[in-house]
Amino acid sequence: MTTAAVTARRRHRRRSLLGKLGIYFILGFFALLMVFPFVYMAASALKTPADTFRYPPRVLPRQPTTLEVNGEQLPLFLLPIIGIDTQVVLVEEGIEAGVFVDPGTPQQELAWPLALATPTGGQATLEGETVEIYSVQVGSTSTDLALKRNTVVGGFESAAGEETFAVVRTAPAAETVSAEWKNFSEVLERPAMERALSNTILVTTLVVAGVLFTSIMGGYAFARIRFPFRNAIFVTYLGSIMIPFIVVLVPLFQLMVAFDWINHLGVLVWPFLFNAYGTFLMRQFFVGIPGELDDSAVIDGATHWTILWRIYVPLSWPAIATLGTFSFLYAWNSFVWPLVAINTANNESYVLTIALRQLGGQAVESPNLIFAGIVIAVVVPIALFVAAQRYFVENVATSGIK
Amino acid sequence: MVADATPVRSTGERPVWLVGLAMWQLLLGVATAVGFGMVASSTGIEIVGTPRPLTMAALGIFSILALLSATWIWRFDHRGRLIAFILNLVLAAVAGFFTLQAVNVFNGLDALSATFGDGLPFLAVIAVGWLLSGWSRGRSGRWERILLTASRGLMIVGAAALLLSVGLIPGLWTFLTRIVLPPAIIYLAITVFSIAALRLLKTSQVTKAFGSTSKQLEVMDGIAFVSPNILGFLAFLAGPLAISLFVSLTDWDGLSEASFIGLRNYIDLFADPFFHRSLLNILYFGLLAIPLSIIPALGLASALNMKLPGMRLFRALYFLPAVAGVVGVALIWKQLYNATIGYINYAILQGTELLNLLPFLDLTAPQPQWLSNPSTAMLSMVIVFVFSTIGFNTVLFVAGLQGVPPSLYEAAELDGAGIWGKFRNITVPVLAPTTVFVTITTTILALQLFSEPFILNAPQLSPNGPANATLTPVIYLYQNAFERFKQGYASAIGWVLFLIIFVITLIYFRTQREEGVLTK
Amino acid sequence: MKLRRLGLLFVVLAMVLAACGGDTTDTTDTTTGPEPTEAPGTTGAPDTTQAPDTTEGDGTALRWRTRPDNEEEAAVYAGISDSLAAELGVDLQYEPGGTETAGYQQTLLTELAAGTAPDVFWLPGTDIADFATRGVILDLRALADASDHNDDDFYPGPMFHLSFNPDSGNTGEVLWGLPRDVSTFALYMNVDLIQEAGVDDPRELAANGEWTWDKFVEVVDGIGALGGEVIGYGQSSWWGPYGFWINAAGGGFFNSDRTACALDTPESVAGLSALADLYATSSVVPWGEDAEPTFRAGNVGLFQNGRWATPGIRTVGFDFDVVKLPDGPAGPSNWLFWGAYVVNADTADPEAAWKLVAALTTAEVQAQVAESGANIPSRVSQEALDAFLTFTPPENNQAFLDGLSENPAAEGPLWAGSWPEFVSVMDAEVGAVVTGSKSVDDYATTICTLTEPAFAG
């Protein structure tokens, strides 16, 4: 090996190591972007409502630590006493106070009771306005500060009996990371959520079963049975995939009104028991199965039906798993049709998508409940997808594109 | 599939079943002819709301075919068998539908849904049993048998418990009490007879009598197998599509009678400022969202294709937004977009403060009001759409790359090609068909934007967004159809949108074909 | 194989038991012959006129619906439904309806078309015309005259519209319904934030007659200066809250006889301009974001809303009160909001429905509703007003009553056109001005041309 080739190799290896790191970095970055909203959702589903309205927002759920005082649980705060952060409890509220600043450093504000401040008679200029100087007593020291504005503070006391004052709203609470699991049970107790969950399972199961059944049959027919106009019919049927749902939305709605299916759960199931894409998928897969298997079965006197179910189907689990997962996701997550076909007043025929949307409107005061609802709606498809991932990814696109 | 048989063609001997079959077809032909006559003279039974020409056409064609098939059957002509098969199939489907409709089985799903919750645990039992049976296949002999029996037992017990817990007995009882009443019993009778005819038509003695070849038999099988799909397609897709075209030429409001107004809806649409706005909006959306959903996906896919460890994890993570469903994703982003306490603005703030650590920078963090400001409202939709779609497209591209032999890449490397060169000269051409597919599907999805604005703007703003910034054609269609009761107008919007999508798809196909890249 | 056969049996049984609909609601209305699948009907909706809950044996059953602002309000009405059911001896089923933007009115119209609407329902005052002209609500005049009803018992503003006959242009000939209650707007205050910010208490300012727009902006800015997640002022983005600003400047949506748009008068434009300035320069909840949850979380100082929000706001964890709306350049102003109970024109039992409507608007029931914190009774009665003052919190209920006496603009339907169309244009344009994407001058020149199509209907 020439030295040139060796150096080239070495350079290549170095470059490829850097390249690999770079690739991991990019992949990781995008993965983070994809996953962060879900992490945020899962964490927020465990928060209390106050925690969800907090600013600055945090990811992890936290609740105030409490201390038992005279039989009640009081929240603990963390306030500095003589410079050291101490755990204190709120003992008094509504104390008339003032916001004091040193004119030299106007950003640092001290909220302190007016009772502990005596006017010195002096004046200063603060942001173009004239303000009075007070002698403010903090602990054992007094400082001369300017009064910026009035406010109201609360009185806090530590276990050792030391006292301090601060604005109650902004006093940092001593918090621990703690999950509020009862959000989930609370969400399910809301009208329609539990029912929506079982309805969605029912609808999805029926639709998936129907689509699998009709697609397997249809796919087999298009792949293996010869009848006139087969290819023409197939192409036309396939072409229907290109028809956007909204063109059909209004007349399909009217058809459902004519059948009197509107506002009943069945309207989400019966028109969707067949699927052109599913038939296409199964047909592509069946075409790939060698035809000799049929011939030997024919000699044994088998009909198309038995050949399909005894030979082809057992060989097609990947495609069936793919199609099943696809249909499941489509049925579980479908939103527009249930929105249109089920009345908002009809709680009992809700599915998760519209129950969730309604929750989003009704529970605006408690976003943690909305998140808990989303977790419930999302955990089943994710679990299914993870389980079926092996079959799913390779097959879905390969057959779809070719 | 029976081998050729010698036909029994003696004209004197007609087996009973043949006579019966011919009689049945004759009956059908006559009955539908009578129906035709009644509808034509518009006396007697009037079927509510059905356009008369259509019913007459259907009845007329059915009648003619039935009579024809009767004569053909009489003459042992195989064509009669085929026609009879098709007619009875259609009849069984239609009569079966009416039977179930009369017994209210379709809407009975409501009742099932009420009790289904109780049955869920048993559904889980069945699932466990099924998993167990799959698991048992790997085991050794005796264990396999035991596990198999156990799993089967579990499934049967689970199924029985499920049925009982969701109220099988009362259900059966209701079903039986309803089905014995007319009109249900009549429909049931028709269904049963037509199914009987179907079974008869497929028996071997019929085959022998008609001398049908196996090819001819296959045709019948084929029709039977595709019938659910085709009938469903006709009833729930093609039918409504045709009706939609017709409705778009009327001024129907969904409540009262419609009157034909020709192309008026389309002309009005042409001048409608709201529709123009929606087209502008969707154009803006598409120009941003479609490239952003595809180009990064291409890059990510080629990165994933390098077959480094951990790729499967990344693939799964990228697919997550597509799996989670649009409602959940939109609601999460709604919280993130909150201008005051949302995480996005907070992240921008933190990022700016980080940048401000650099000595020469002193930026103020922009805190856009994502959903309430007309300038950023549509952009917010773009972001959510890209979020949901990019993972799916990446996975599609990865699959498209599966077929590429790694030797191609190695050869290119030896020739001195860098990452960019490999990408441009190997990855992109190989992925051309995938790219077309992905572009088309993403475009179709993008042009139908509805759910994201619908959910993100609620409850304070209408789905149109601030100052109509997020009004899309589909939202406009929805509002016209279900809020303003202008179903004719809405149908016209649907067709115009369809036309736009169709034309764009055609353009994509054309450009690919010209470059000679698309091989079919 | 046997398992497969069993599986098939399972499937068939599942289908069959789906017919199990025995004792629950949906047994009826398959009597209209089902259409053939090849030719779906063009008239669509089946012409059944009965509500699904037909009489089951003895006693009438009525369904009625309102649109509660929050869960607490829904609980109030559910309670009233139960007590009235016992009193009237009728089977009552209360349905809490959707929200404004979740299409409460649209759902009703769809249901009316399909024949599944409730027997009695509440409508906002602005939608009476829409429903009356479609002929879907019942004219109750005959039934009212036969009972001891008197139009003068109720506030004249609502009664004018409820007795307006669009065909003749006269009042008193028809009766579209009875007003459920009236409400005015006020500013809900987070007293804790106001004290913390050290600003002047708006209640004192109002008592001294100093509660003007300028003072209002001062207070808002003072609260907003606290920073962080604290915001000075919040309001919703529908026509009620922003209409106040237009009215208080001396303008209005319509001209005096409500036949033309008046949004381009100098006064109206001035009012909107002031609102736009407020949004541009002060600490306000972003236009279009829901201010109520932020207020209830304790992050907003002043929040404009109607009395109906009180049951929900009573649950907040901070000290709250109300103060009347600030006086505009043209003096004090407010909205008189009202809604009415109307009867479905296709109801199976009009007499029972009228009795329900009359029962729901008696002084006793109205007092119950008012006590629970929701609106002010719609019957003119000093007693009722005195009693209303005692329904605390909030302490300062007088703020709502001030709104009643201080020149309120009564909301009302647009008999001369289509209110929903007018509003959808107005909402979009006003929103554009407030968020700064359209200049006030552009708005002033174009708004009344843009809303013209609404009057054509």
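What you see is a predicted model, and the numbers here were worked out from it, not measured in a lab.

All right, on to the domain arrangement of chain B then. Assigned domains of chain B: these are domain 1 (16–104 + 182–247), domain 2 (116–179) and domain 3 (267–323 + 377–514). Inter-centroid distance (C-alpha atoms) of domain 2 of chain B to domain 3 of chain B is 42 Å.

Low pLDDT marks regions whose predicted coordinates should not be analysed in detail. The pLDDT averaged across chain B works out to 82; a share of 92% of its residues lies at or above 70. This model gives residues 1–8 of chain B a pLDDT under 50, and the stretch forms 18 contacts once residues within four places in sequence are excluded.

With respect to burial, helix H12 (residues 352–362) of chain A is a largely interior element, 10 of its 11 residues being buried. Residues Leu352, Thr353, Ile354, Ala355, Leu356, Arg357, Gln358, Leu359, Gly360 and Gln362 of chain A constitute the buried set of H12 of chain A.

Before going further, it helps to examine the interface of chain A and chain B. With 88 residues of chain A in contact, the opposing surface of chain B contributes 88 residues. Breaking the side of chain A that touches chain B down by element, the ones donating at least two residues are helix H1 (3–44), helix H4 (193–224), helix H5 (230–239), helix H6 (245–258), helix H10 (317–333), helix H11 (336–341), H12 and helix H13 (367–401) of chain A. Tallied by class, the residues present in the side of chain A that touches chain B amount to 62 nonpolar, 19 polar and seven charged.

As a further point, take the domain arrangement of chain C. All names here are of chain C. Domain annotation for chain C reports domain 1 (61–182 + 337–410) and domain 2 (185–334 + 416–456). If you average the C-alpha positions of domain 1 and of domain 2, the two centres end up 26 Å apart. If you look at the interface, domain 1 gives 28 residues, while domain 2 gives 28 residues. Tallying contributions element by element places helix H17 (residues 398–405) first for the side of domain 1 that touches domain 2, with four residues. Grouping the amino acids of the side of domain 1 that touches domain 2 by side-chain chemistry returns 11 nonpolar, eight polar and nine charged.

It is worth spelling out the pairing of strand S7 (residues 129–138) of chain A at this point. Residues and elements named next belong to chain A. Here seven bridges tie strand S6 (residues 117–126) to S7, and the two strands are oriented antiparallel to one another. Paired with alanine 124 across the two strands is valine 131, which belongs to S7. Between S6 and S7, which pair antiparallel one after the other, the connecting turn spans two residues, and glutamate 127 there sits at a positive phi close to 50°. Pairing analysis gives six bridges linking S7 to strand S8 (residues 141–158), with the strands arranged antiparallel. Looking at S8, one finds that serine 135 is bridged to aspartate 144. If you look at the hairpin formed by S7 and S8, you'll find two residues sitting between the two strands, and glycine 139 has a positive phi there, around 65°.

Here we come to the sheet that holds strand S8 (residues 320–323) of chain C. Residue and element names in this part refer to chain C. Strand order in the open sheet formed by four strands is S6-S7-S5-S8, and the pairing between neighbours is mixed. Looking along the sheet, the strands with just one partner apiece sit at the ends: strand S6 (231–234) and S8. The sheet shows a mean angle of 20° between the axes of neighbouring strands, direction not considered. Relative to strand S7 (residues 300–306), strand S5 (residues 185–190) is paired through five bridges, and the arrangement is antiparallel. From the neighbouring strand, methionine 189 faces S7, where its bridge partner is leucine 302. Docked against the sheet, helix H9 (residues 213–224) engages S6 and S7, running at close to 135° with respect to S6.

This paragraph deals with unusual backbone geometry. Residues and elements named next belong to chain A. In this model, tyrosine 55 is joined to proline 56 through a cis peptide bond whose omega is -5°. Among the structural elements, proline 56 can be located in the loop between helix H2 (49–52) and strand S1 (62–64). A positive phi angle, near 65°, is found at phenylalanine 229, a position not held by glycine. Tracing the backbone shows phenylalanine 229 in the loop between H4 and H5.

A few words now on the packing of helix H13 (residues 326–336) of chain B against helix H15 (residues 374–401) of chain B. Residues and elements named next belong to chain B. Between H13 and H15, whose axes approach to 11 Å, the crossing angle comes to 135°. Of the possible angle classes, the one that applies to H13 and H15 is oblique. The way H13 lies across H15 gives a crossing that is right-handed. Note on element contacts: H15 touches H13 through Val384, Phe387 and Ser388, opposite Val326, Val329, Ala330 and Trp333. Residues of the contact of H13 with H15, tallied by class, amount to six nonpolar, one polar and no charged.

How each quantity is defined
Residues numbered from 1 in each chain as written. Chains lettered and ligands numbered in written order. Predicted model: local features only at pLDDT ≥ 70, side-chain atom pairs only at ≥ 80, totals over all residues. Domains from an automatic or database assignment. pLDDT = per-residue confidence, 0-100. Contact = placed C-beta atoms within 7 Å. Buried ≥ 20, exposed ≤ 12 C-beta atoms within 10 Å, placed from the backbone. Helix = DSSP H or I, 4+ residues; strand = E, 2+ residues; numbered from the N terminus. Nonpolar A, V, L, I, M, F, W, Y, C, P; charged D, E, K, R; others polar. Pairing = 2+ DSSP bridges. Axes fitted to C-alpha atoms, helices over the stretch in contact; angles between N-to-C directions. Parallel < 35°, antiparallel > 145°, perpendicular 65-115°, else oblique. Left-handed = near helix turned anticlockwise from the far one by under 90°.

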